[in-house]
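In case you want the letters, here they are:
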Amino acid sequence: ARRWRVFPGAEVAAWAVLAVAVVLHAWIFLPLTLGRDGIVGGDYALHYPNLLAGRFLFLANGPLSVPWFNPAQCGGVPFIADLNVAFYSLPQALTLLVDPGRAVAATFVVFAALGTAGMYLLCRQRFQLSPGASVAGAVLFLFNGFYAYRMAVGHLTFHPFMLTPWLAW
């Protein structure tokens, strides 16, 4: 196994650069996800009602009740069986605390940070790259475009894509 000679504090500097990259990513892409002037991606027309229905079902039936059907849409369509319903997910959990728009925004930033950290650790520990090369790999993964633009158009169920480096790690 090849070991890179790095200056003391290189790991701390790398994590600082990654934190700045995540903040920059949120600054650039979060307005697309939240929407300007109240306009959001078209596919959120499916997910926002589902998040609200999940919130109401949770509040009405409690945390241990599985929401098999959703009476709020079309008089009782299958809910948990729909692949576009993310009932057991971070956005749904956050919707219990805040509105769906803020829940999606928080999910966007949290999963961007998780993906960045996962890619850095994958490059650094498994591929044994230098801290600089690992930061470059993590930043490239963060700004790959797939995640940000999927979330911008409303593909909420693509947020776990950013966990891919953790699976590979």
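Everything that follows concerns the structure shown earlier in this document.
Residues numbered from 1 in each chain as written. Predicted model: local features only at pLDDT ≥ 70, side-chain atom pairs only at ≥ 80, totals over all residues. Heavy atoms only, no water.

**Section: the packing of aromatic side chains**
Right, on to step 1. Going through the model one piece at a time under the given rule, you end up with 11 aromatic pairs.
Right, on to step 2. Note on F29 and F143: the rings are 6.3 Å apart at their centroids and 50° apart in plane angle, and the pair reads as tilted. Taken together, the positions of F29 in helix α1 (residues 10–34) and F143 in the loop between α5 (131–142) and α6 (146–153) put the pair 114 residues apart, joining distant regions of the chain.
Right, on to step 3. Between F108 and Y147, the aromatic rings sit 5.2 Å apart at their centres with planes inclined by 5°, giving stacked as the arrangement. Of this pair, F108 sits in helix α4 (residues 100–126) while Y147 sits in helix α6, placing them 39 residues apart in sequence.
Right, on to step 4. These aromatic residues form a ring-pair network of at least three members: F141, F146, F158 and F161.
Right, on to step 5. We note R150 situated over the ring of F158; from NZ or CZ to the ring centre the distance is 4.4 Å. (Phe/Tyr/Trp six-rings, centres within 6.5 Å; stacked < 30°, edge-to-face > 60°. Helix = DSSP H or I, 4+ residues; strand = E, 2+ residues; numbered from the N terminus. Lys NZ or Arg CZ within 6 Å of the ring centre and 35° of its normal.)

**Some remarks on unusual backbone geometry**
Right, on to step 1. You will see that Q128, though not glycine, has its phi angle at about 55°, which is positive.
Right, on to step 2. Tracing the backbone shows Q128 in the loop between α4 and α5.
Right, on to step 3. Look at Q128 and you get partly exposed, because its relative accessible area is 25%. (Buried < 20%, exposed > 50% of the residue type's maximum accessible area, 1.4 Å probe, protein only.)

**Brief notes about the side chain of H47**
Right, on to step 1. Relative to the elements of secondary structure, H47 occurs in helix α2 (residues 44–61).
Right, on to step 2. Filtering out sequence-adjacent residues up to four positions away, H47 remains in contact with N84, G154, L156 and T157. (Contact = heavy atoms within 4.5 Å.)

**Concerning α2**
Right, on to step 1. A rise of 1.5 Å per residue sets the reference length of α2, with its 18 residues, at 26 Å; its end C-alpha atoms lie 25 Å apart and thus fit the reference within 8%.
Right, on to step 2. Along α2, the residues that are buried comprise Y44, H47, Y48, N50, L51, A53, G54 and L57.
Right, on to step 3. Two residues or fewer after α2 comes G62, characterised by a positive phi angle close to 95°. (Expected span 1.5 Å × (residues − 1).)

**Considering the environment of G132**
Right, on to step 1. Tracing the sequence through the fold places G132 in helix α5.
Right, on to step 2. The exposed category is assigned to G132, whose relative accessible area is 52%.
Right, on to step 3. Sequence separation between G132 and P78 is 54 residues; the distance between their C-alpha atoms is 49 Å.

**Notes on the packing of α1 against α5**
When two helices pack together, you describe them by how their axes are tilted relative to each other and by the distance separating the axes.
Right, on to step 1. At a closest axis distance of 10 Å, the pairing of α1 and α5 adopts a crossing angle of 15°. One finds that α1 runs roughly parallel with respect to α5. Every pair of crossing elements has a handedness; the one defined by α1 and α5 is right-handed. Where α1 approaches α5, its residues A10, E11, A14, V17, L18, A21, V22 and H25 are matched on the opposing element by P131, V135, A138, V139 and L142.
Right, on to step 2. Considered class by class, the residues forming the contact of α1 with α5 number 11 nonpolar, 1 polar and 1 charged. (Axes fitted to C-alpha atoms, helices over the stretch in contact; angles between N-to-C directions. Parallel < 35°, antiparallel > 145°, perpendicular 65-115°, else oblique. Left-handed = near helix turned anticlockwise from the far one by under 90°. Nonpolar A, V, L, I, M, F, W, Y, C, P; charged D, E, K, R; others polar.)

**Quick look at α1**
Right, on to step 1. Look at α1: 35 Å from first C-alpha to last across 25 residues, which is about the 36 Å you get at 1.5 Å a residue.
Right, on to step 2. Along α1, the sharpest kink reaches roughly 40°, centred on I28 and followed within four residues by the proline P31.
Right, on to step 3. Every buried residue belonging to α1 is among A10, A14, L18, A21, V22, H25, A26, F29, L30 and T33, and all of these are buried. (Bend = angle between axes of the 7 residues up to and from the residue.)

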